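Below are the chains, spelled out letter by letter.
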Amino acid sequence: SVGCAMSGDRGVLIAFRFVQGLGAAMMVSATPAMCTSMLPPERRHMGMAYMNAACCVAIILGPALGGLITGLSEWHWIFLINVPVGLIVVALALRIREVSPSNMSGMPEPARAAAMFVAVATGMVVLELWTGGLFAWYTAVLAAICVLSMAAFLALGRRGTGGERLIDIPLRGNGRYYAITVLFLVNSIIGCGVMYLLPYYLTGSAGYGTLAAGLLLSVATTVSAVFSIPAGRWCREYGCVLPSNVSLVMRVVFCGMLAVIEPSMGLAFLLMQLLSLIHI
């Protein structure tokens, strides 16, 4: 965050954003794992519910506060505000006793994480170059690095220390789990794409300022935060299939509305669309 705030050109900013993204990926991956390692099975559903609510609150505050800061001051402060928050979180995290499975020693997790990071980073750059019509020799080189890094990620995760298979390519005996994982991956890709495109629409075609766009983006996350904890209890009592399907149907409705939305449709249509983006 300090590097982003002090960057003098776009290239340096992008480089430090890669570092920031690497840290964010570690947090996103580690946080759900804490629910499964630190909570008993009968309490994990509520742990995930509270975690989702906390994430929604953070997403609410982020765009709104970012829009306010950029509207009243310079953009550098949207990164500098992370510094005291990060220091406080580090101090609190050092007080938490680590709970780790005893059978994870010797697994090539750092190497797998590095391979996945390189694959995703180079893949995003290739996608950006390809969509921008920039075809050059380095595009092919980055694409090759992306493919090789993904292959390395899969190869490093084929077996654990005891010889057990970590990635079962034929899905033998785990078809339902892998099907759910693929569906979650596709849903996450769509969600990331939506959050990438929607701010452009709000500040571009719709003509909203940064503060108004941030407040509008907080509509869905506000509703999501309210429903997260009740949804956790719902999953505990009735199972997760129904709330998951409701959430996915609403995502489909949102994408359908996004495909036809025009600024002339007004604020009411936009609000209805944003309400259909809630995540439970």
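Participant: Teacher, can you tell me more about the overall build of the protein here?
Facilitator: Scanning the protein from terminus to terminus reveals 11 helices and zero strands. Along the protein, helices (α) and strands (β) appear in the sequence α-α-α-α-α-α-α-α-α-α-α when read from the amino end. Within the protein, the proportion of its 280 residues that are buried is 23%. Once local pairs closer than 6 in sequence are excluded, the contacts in the protein between residues at least 24 apart make up 64%. Surface accessibility of the protein: about 18,100 Å² in total, with carbon and sulfur atoms responsible for 73%.

Participant: Hey, could you run me through the nonpolar core in this one?
Facilitator: Considering soluble globular proteins, one finds that nonpolar side chains tend to be buried as a cluster. With 15 residues, the main nonpolar core has Leu198, Leu202 and Leu270 as its most contacted residues. Filtering out sequence-adjacent residues up to four positions away, Leu198 remains in contact with Leu217, Phe254, Leu258 and Leu274.

Participant: What am I meant to see in helix H10 (residues 241–260) here?
Facilitator: Its 20 residues place the ends of H10 29 Å apart at the C-alpha level, agreeing with the 28 Å of an ideal helix rising 1.5 Å per residue. Buried residues of H10: Pro243, Ser247, Arg251, Phe254 and Met257, and no others. Each buried residue of H10 lies within a common arc of 125° when the element is viewed along its axis, so the set occupies one face. Exposed positions of H10 whose direction lies more than 90 degrees from the buried face are Val241, Val249, Val252 and Ala259.

Participant: Can you walk me through the packing of H10 against helix H11 (residues 266–275) in this structure?
Facilitator: Relative orientation and spacing of two packed helices are given, respectively, by the angle between their axes and the distance between those axes. Across the interface, H10 lies against H11 with an axial gap of 8 Å and an inter-helix angle of 150°. When the interaxial angle is binned, H10 and H11 end up roughly antiparallel. Read as a crossing pair, H10 and H11 show a hand that is left-handed. Contact residues: H10 offers Met250, Phe254, Met257, Leu258 and Val260, while H11 offers Phe269, Met272, Gln273 and Leu275. Per-class residue counts for the contact of H10 with H11 are eight nonpolar, one polar and no charged.

Participant: When you look at a nonpolar patch on the surface in this model, what are you seeing that I'm missing?
Facilitator: A cluster of nonpolar side chains, contributed by Ile14, Phe18, Leu22, Met26, Phe117, Val118, Trp137, Tyr138, Val141 and Ile145, occupies part of the molecular surface with about 890 Å² of accessible area. Within the residue set of the nonpolar patch, elements represented by two or more residues are helix H2 (10–38), helix H6 (109–131) and helix H7 (137–156). Along the chain, Tyr138 falls in helix H7.

Participant: Any chance you could explain the packing of aromatic side chains here in plain terms?
Facilitator: Describing an aromatic ring pair means giving the distance of the ring centres and the angle of the ring planes. Scanning the model with the defined rule gives one aromatic pair in all. For the ring pair Trp75 and Phe79, a centre distance of 6.1 Å and an interplane angle of 90° mean the geometry is edge-to-face. Since its relative accessible area comes to 34%, Trp75 is described here as partly exposed.

Participant: Just checking my understanding: could you explain the packing of helix H9 (residues 210–238) against H11 for this structure?
Facilitator: Remark: H9 packs on H11, axes separated minimally by 8 Å, with the N-to-C direction vectors making an angle of 40°. With respect to their mutual orientation, H9 and H11 come out oblique. Like other packed secondary-structure pairs, H9 and H11 cross with a definite hand, here right-handed. Between H9, through Leu216, Val219, Ala220 and Val223, and H11, the contact on the second element is made entirely by Leu267, Leu270, Leu271, Leu274 and Leu275. Partitioning the contact of H9 with H11 into residue classes produces nine nonpolar, no polar and no charged.

Participant: Got a minute to help me understand the environment of Gly66 in this structure?
Facilitator: Within the element layout of this structure, Gly66 appears in helix H3 (residues 41–72). For Gly66, a relative accessible area of 22% gives the class partly exposed. Residues Gly66 and Leu215 lie 149 residues apart in sequence; the distance between their C-alpha atoms is 9.9 Å. If sequence neighbours within four positions are ignored, Gly66 has contacts with Leu61 and Ile78.

Basis of the calculations
Sequence order sets the numbering: in each chain, residues are counted from 1 along the sequence as written. pLDDT decides what is reported in this predicted model: residues at 70 or higher carry local features, side-chain atom pairs at 80 or more are listed and counted, and totals for whole chains, interfaces and linings draw on all residues regardless. Side-chain numbers here rest on the full set of heavy atoms in the structure, without hydrogens or water. Each helix is a run of DSSP H or I of at least 4 residues and each strand a run of E of at least 2, with the numbering of both proceeding from the N terminus. A 1.4 Å probe rolled over the protein chains alone gives each residue an accessible area, and that area as a share of the maximum for its type sets the label: buried under 20%, exposed over 50%, partly exposed in between. In this analysis, two residues are considered to be in contact whenever any of their non-hydrogen atoms come within 4.5 Å of each other. Methods summary: accessible areas were calculated by the Shrake-Rupley approach with a probe of 1.4 Å, and residue burial reflects only the protein chains presented. Definition of nonpolar core: a set of buried residues of the types Ala, Val, Leu, Ile, Met, Phe, Trp, Tyr and Cys, connected through side-chain atoms within 4.5 Å. Each residue after the first adds 1.5 Å to the expected span of a helix. Within this analysis, the arc is defined by the directions that extend from the helix axis to the C-beta atoms. To get an axis, a line is fitted to the C-alpha atoms, and for a helix only the part in contact is used. The angle between two axes follows their N-to-C directions and goes from 0 to 180 degrees. Throughout, the term roughly parallel applies to angles under 35 degrees, roughly antiparallel to angles over 145, roughly perpendicular to angles from 65 to 115, and oblique to all others. Whether a crossing is left-handed or right-handed is set by the direction in which the near helix is turned from the far one by less than a right angle, anticlockwise for left-handed and clockwise for right-handed. Throughout this entry, Asp, Glu, Lys and Arg are counted as charged residues, while Ala, Val, Leu, Ile, Met, Phe, Trp, Tyr, Cys and Pro are counted as nonpolar. The remaining residues, Gly among them, count as polar. Each patch is built from residues lacking any salt bridge and having more than 30% relative accessible area; the joining distance is 9 Å for like charges and 5 Å for nonpolar side chains (Val, Leu, Ile, Met, Phe, Trp, Tyr). Whenever a carboxyl oxygen of Asp or Glu lies within 4 Å of a side-chain nitrogen of Lys or Arg, that contact is scored as a salt bridge. The rule is short: rings of Phe, Tyr and Trp, with Trp giving its six-membered ring, pair when the centres are within 6.5 Å, and they are stacked under 30 degrees, edge-to-face over 60, tilted in between.

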